[in-house]
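# Notes for the structure review
Here's the letter readout for the chains.
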2 protein chains.
Amino acid sequence: MKFSNFFIPTLKENPSDARIVSHILMLKSGMIRQETSGIYSWLPLGYRVLKKIIKIIEDLHELYEVNQILMPTIQSSEIWKKSGRYDTYGKEMLRINDRHSKELLYGPTNEEMITALGKQHIKSYKSLPQYFYHIQSKFRDEIRPRFGVMRAREFLMKDAYSFDINENEGVKTYYRFFRLYLKIFKSMGIPIVPVRALSGEIGGSLSHEFHLIVDSGESEIFLDKSILESDLEKLKDEDLKNLNSFTDEYYKNNKISIKLEKFRSIELGHIFLFGDKYSKSFDFNIEYENKKLTPFMGSYGIGISRIPAAIIEHSSDERGILWPEEVSPFEVVIINLINDSDETNKVSNDLYQNLKSKNIDVIYDDRNERPGIKFSDSDLIGIPIQIIIGKNLINDGNVTLKFRKDGKEINLTNDKVLDIIIKKLKNNK
Amino acid sequence: MKFSNFFIPTLKENPSDARIVSHILMLKSGMIRQETSGIYSWLPLGYRVLKKIIKIIEDLHELYEVNQILMPTIQSSEIWKKSGRYDTYGKEMLRINDRHSKELLYGPTNEEMITALGKQHIKSYKSLPQYFYHIQSKFRDEIRPRFGVMRAREFLMKDAYSFDINENEGVKTYYRFFRLYLKIFKSMGIPIVPVRALSGEIGGSLSHEFHLIVDSGESEIFLDKSILESDLEKLKDEDLKNLNSFTDEYYKNNKISIKLEKFRSIELGHIFLFGDKYSKSFDFNIEYENKKLTPFMGSYGIGISRIPAAIIEHSSDERGILWPEEVSPFEVVIINLINDSDETNKVSNDLYQNLKSKNIDVIYDDRNERPGIKFSDSDLIGIPIQIIIGKNLINDGNVTLKFRKDGKEINLTNDKVLDIIIKKLKNNK
């Protein structure tokens, strides 16, 4: 991608209406635009980050053989009356009347719909377990939307649902998704902490949230710090269940007496094993050895559109964003400082074509702008690897490789850049 | 993908509530599920087709350097009051009040929102032209939703928007998108016919629709049949403008006097050059040579979720769907007829792994089902190439390659199957 063809409307000043770092930097780097209270457009740079996150989620759900579907945003009130949540959900549910005065709503979640789907199509115990997921817009009419996409009203969510023949199998499935979640967040390059949580509105007895620790987080979690250093994927199901890490509410509700440290954090995922709550209210039964089997269910959510904001809260400096390369909108930026030099133009362009041909995600800043603007824009948008091409090339045949995170610079001849970058990116993959 | 892990809830009987072939076959093959009137879920098989269509659209928009963004589904009424369409749009617009009684709506289209976005962020004539697109759910509250996803209320649409410095440049951009559309539908393996259309609600003077000719289509178009045989991509802009092909309404409104043939068809795309209608009402002006420049705009839509239905209307037989390989949910299906034979299991599995390793999109029917069910399911879901592995293998070491479209069968030793399939799929790519 060439910068001149790519739409990145960066701002020179901090936006006045944003109070937390991620909201400020997402507006300033031209990632998002507010359309109305709590409702945002994703501009090209922001949407690239979202797509990288979505690809990681899709690839790993496919690896785990979870079937991808797409349920609609608009739902009928009927299924919510069946579960009893139409009355209890409250004002966060956006209720709508269509032209025939039929009651519709913008789905805040999909337990009801997936249960109706299961009841229609799953007729034999032999076809259990079944796992589904979809990535779809949700709407929750927050009374005070704030912090940009962190607490928006319309947001993008991945939610998965499982059907099992009994509780025992349901628990196994639950921990299968638990491990999938550890893998997903690791693949995004962010350290995640699972914490035991209350089930709340959705129901059931077993629930965990997945948090990113940041000082500016809205949540509070309590945990044994050793968890942060351990490789959780290696633990047995039972040990995952007994981890000493809890949400604030769980910690207080269950009067946990062990001494734990308190952290502020952002919730990025939430999984629930709610059992037969919905299958029962939908009268969803399957014949099994001459008895009635009511499928045992769970649901597994990831708040996709708040992840870019959470990562920025976790990783930025005074000059801008520091993307992990796994979700960075581009892996490499080529900064050509002298636009009217045939030599820098040729070397920049050749490097750009070479990196592209190696499937490296590169943006070439070919704009006719001052070096100061190019440097500050590159730092602001946070691409992890910068290749700076300017006077050094003309004088000594050198280009500069600069790492955004620590500012480390290496001068080297341009024929060596390609190998080093390929090696660096491959090592981390 | 193994059939046993993939959720394809095929029906034995024709669904009683569906009247057109595509609706019947999409329900029967387990591609979609109706949630409520005019609102559908896409099940795994259907969603795979949607994703292939989306990938073709994304890849070609990237090739044409159109910036991908994501605008929200819910919009504020304010921007629609600015353009004047809040009152004129009528009952197809789904109007919503939020918890604070603020007027929202579910976007039926995005001209207003993109104009507001352009006005905020495009400050210099130097950054024109600008092209944007997004793929997002839309809602139009049809009075009588029917024909499944063909005339649904919630549907998936690609819409692109362009900003140019003047009409002359706008027209060039318009024909750039015209050519992009020819390429997109060609890449989906379907013959498309562009027809001159009225602009209607959106405004402006230049508009074309892109139609697929099928006897069951809801639209009528008039055209000179020679257009069907010509390579339109090679024509000049002026010749594209003067094609003798028109929508019914355009033909009658403009009292076209030349004799043309009438066809029934389905509209899949619609492009508009509406000029300054929205930029004017949003007071969106840019300084240019000491004068005010009001950007000249166009919009370019594709009805993504009706494309699978249109293709089925165009291409099916009494046994089921006939997918073009470009958008088929899988390119190849391996049908193992004898589940308790080590020999057929091994050969099936090896072939499956080999095809996957060559990046061929293959589904392996490994279910413990009768051959009759496997054959009829494969024919129903319409995968273009079938590899049948049964008694022939045990007796003669042969497998059967069968083409869904013409039923042609070739018996050959299994070591030759791979080469032939790779050659056949590559030829068409």
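Here the structure is a predicted model, which means the values were calculated and not measured. (Residues numbered from 1 in each chain as written. Chains lettered and ligands numbered in written order. Predicted model: local features only at pLDDT ≥ 70, side-chain atom pairs only at ≥ 80, totals over all residues. Heavy atoms only, no water.)

### Remarks on the interface of chain A and chain B
Residue-level contacts link 54 residues of chain A with 54 residues of chain B. Of the roughly 5,000 Å² buried between chain A and chain B, counting both surfaces, carbon and sulfur atoms make up 57%. When the buried surface of chain A facing chain B is broken down by residue, Phe7(A), Leu70(A) and Arg99(A) rank first, second and third, together holding 15% of it. Taken together, the connections running from chain A to chain B amount to four salt bridges. Close ionic contact of Lys51(A) with Glu58(B) constitutes a salt bridge, the shortest N to O distance being 3.2 Å. Inspection of the region where chain A meets chain B yields 28 residue pairs in polar contact (both at pLDDT 80 or more). Looking at the side of chain A that touches chain B, its residues break down into 25 nonpolar, 14 polar and 15 charged. (Contact = heavy atoms within 4.5 Å. Buried area = accessible area lost by both parts, 1.4 Å probe. Salt bridge = Lys/Arg side-chain N within 4 Å of Asp/Glu carboxyl O. Polar contact = N/O pair within 3.5 Å; in protein donor to acceptor, adjacent residues only side chain to side chain. Nonpolar A, V, L, I, M, F, W, Y, C, P; charged D, E, K, R; others polar.)

### Examining the pairing of strand S7 (residues 130-139) of chain A
Within a regular beta strand, the side chains point alternately toward one face of the sheet and then the other, so they alternate between its two faces. Residues and elements named next belong to chain A. By the criterion of burial, S7 is predominantly enclosed, with ten of the ten residues buried. A two-sided burial pattern is seen for S7, the buried positions comprising Gln130, Phe132, His134, Gln136 and Lys138 on one face and Tyr131, Tyr133, Ile135, Ser137 and Phe139 on the other. Pairing of strand S3 (residues 67-68) with S7 involves two bridges; the strand directions are parallel. Among the inter-strand pairings, Asn67 is bridged to a residue of S7, identified as Phe132. Sheet topology note: the S7/strand S8 (residues 154-164) ladder contains ten bridges and is antiparallel. (Buried < 20%, exposed > 50% of the residue type's maximum accessible area, 1.4 Å probe, protein only. Helix = DSSP H or I, 4+ residues; strand = E, 2+ residues; numbered from the N terminus. Pairing = 2+ DSSP bridges.)

### As for the sheet that holds strand S5 (residues 94-97) of chain B
Residues and elements named next belong to chain B. With respect to topology, three strands assemble into an open sheet ordered S4-S6-S5, the strand pairing being antiparallel. Each edge of the open sheet is held by one strand with a lone partner, namely strand S4 (74-76) and S5. Averaged over neighbouring strand pairs, the angle between their axes works out to 35° when direction is ignored. Note: S5 against strand S6 (residues 103-106), four bridges, orientation antiparallel. Along S6, the bridge assignment pairs Arg95 with Leu105. (Axes fitted to C-alpha atoms, helices over the stretch in contact; angles between N-to-C directions.)

### So, the side chain of Asp159(A)
Residue and element names in this part refer to chain A. With respect to the secondary-structure elements, Asp159 resides in strand S8. Take Asp159: its relative accessible area is 2%, and that puts it in the buried class. A polar side-chain atom of Asp159 sits 2.4 Å from a polar atom in the side chain of Tyr161. Not counting the four nearest positions on each side in its chain, Asp159 is found in contact with Asn110, Phe132, Tyr133, His134, Lys138, Tyr300 and Gly301.

### Some thoughts on the nonpolar core
Note on soluble globular proteins: their nonpolar side chains tend to be buried together. Counting residues in each nonpolar core, the largest one holds 83 residues, and the members touching the most others are Met31(A), Tyr181(A), Phe185(A), Met188(A), Leu268(A) and Ile304(A). Here this core gathers at least three residues from each of two domains, domain 1 (3-317) and domain 2 (330-428) of chain A. Counting 82 residues, the second largest nonpolar core, distinct from the first, contains Leu50(B), Leu182(B), Leu243(B) and Ile335(B). (Core = buried A, V, L, I, M, F, W, Y, C linked by side-chain atoms within 4.5 Å. Domains from an automatic or database assignment.)

### Brief notes about unusual backbone geometry
All names here are of chain A. Between Leu128 and the following residue, Pro129, the backbone shows a cis peptide bond with an omega angle of 0°. Tracing the backbone through its elements, the reader meets Pro129 in the loop between helix H5 (111-121) and S7. Positioned with a positive phi, Ser101 is a non-glycine residue whose angle comes to about 60°. With respect to the element layout, Ser101 can be found in the loop between strand S5 (94-97) and strand S6 (103-106). When its relative accessible area of 57% is taken as the criterion, Ser101 is described as exposed. The phi angle at Asp283 is positive, at roughly 55°, despite the residue not being glycine. By secondary structure assignment, the location of Asp283 is in the loop between helix H9 (277-281) and strand S14 (286-288).

### A closer look at the side chain of His208(B)
Residues and elements named next belong to chain B. Tracing the sequence through the fold places His208 in strand S10 (residues 206-213). The exposure class assigned to His208 is buried, which follows from its relative accessible area of 2%. Here the side chain of His208 touches Tyr174 through a polar contact of 2.7 Å, side chain to side chain. Filtering out sequence-adjacent residues up to four positions away, His208 remains in contact with Tyr174, Tyr175, Phe178, Val195, Arg196, Ala197, Leu240, Gly269, His270 and Ile271.

### Describing H5(A)
In terms of burial, H5(A) is a largely internal element, nine of the eleven residues being buried. Along H5(A), the residues that are buried comprise Glu111(A), Glu112(A), Met113(A), Ile114(A), Thr115(A), Ala116(A), Leu117(A), Gly118(A) and His121(A).

### Brief notes about the packing of aromatic side chains
The final tally for this structure, using the stated rule, is 43 aromatic pairs over all chains. Judged by centre distance (6.4 Å) and plane angle (40°), the rings of Phe246(A) and Tyr251(A) are tilted. For the pair Phe246(A) and Tyr251(A), one class covers both residues: buried. Put simply, the rings of Tyr131(A), Tyr174(A), Tyr175(A), Phe177(A), Phe178(A), Tyr181(A), Phe185(A), Phe210(A) and Tyr300(A) pair up and form one aromatic cluster. Over the face of the ring belonging to Tyr86(B) we find Arg95(B), whose NZ or CZ atom lies 4.7 Å from the ring centre. Residue placement shows Arg367(B) over the ring face of Phe3(B); its charged tip is 3.8 Å from the ring centre. (Phe/Tyr/Trp six-rings, centres within 6.5 Å; stacked < 30°, edge-to-face > 60°. Lys NZ or Arg CZ within 6 Å of the ring centre and 35° of its normal.)

### Regarding the confidence of the model for chain A
For chain A, the mean per-residue pLDDT works out to 95, and 99% of the residues sit at or above 70. Prediction confidence for the complex, expressed as pTM and ipTM, is 0.97 and 0.96 respectively. (pLDDT = per-residue confidence, 0-100.)

### Brief notes about the packing of helix H1 (residues 21-28) of chain A against helix H10 (residues 307-314) of chain A
The packing of two helices is summarised by the inter-axis angle and the distance between the axes. Residues and elements named next belong to chain A. Their axes nearest at 8 Å, the elements H1 and H10 cross at an angle of 110°. With respect to their mutual orientation, H1 and H10 come out roughly perpendicular. Crossing handedness for the pair H1 and H10: right-handed. In this structure, H1 uses Val21, Ser22, Leu25 and Met26 to contact H10, whose residues at the interface are Pro308, Ala309, Ile312 and Glu313. (Parallel < 35°, antiparallel > 145°, perpendicular 65-115°, else oblique. Left-handed = near helix turned anticlockwise from the far one by under 90°.)

### Comments concerning the relation of the copies chain A and chain B
Relative to chain B, chain A is turned by 180° and slid 0.0 Å along the rotation axis, the superposed coordinates differing by an RMSD of 0.0 Å. Classification of the inter-copy transformation places it as that of a two-fold axis. No C-alpha of chain A approaches the rotation axis more nearly than that of Ile96(A), which lies at 2.9 Å. A shared interface surface links the copies, since 100% of the contact residues of chain A are contact residues in chain B too. (Least-squares fit on C-alpha atoms with pLDDT ≥ 70 in both.)

### Some remarks on the sheet that holds strand S4 (residues 74-76) of chain A
The strands making up a sheet associate through backbone hydrogen bonding, with each pair oriented either parallel or antiparallel. Residues and elements named next belong to chain A. Across the sheet, three strands lie side by side as S4-S6-S5; this open sheet has antiparallel pairing. If you trace the sheet from one side to the other, it starts and ends with S4 and S5, each paired once. Mean inter-strand twist for the sheet, computed between neighbouring axes without regard to direction, equals 35°. In terms of strand pairing, S4 meets S6 through three bridges, oriented antiparallel.

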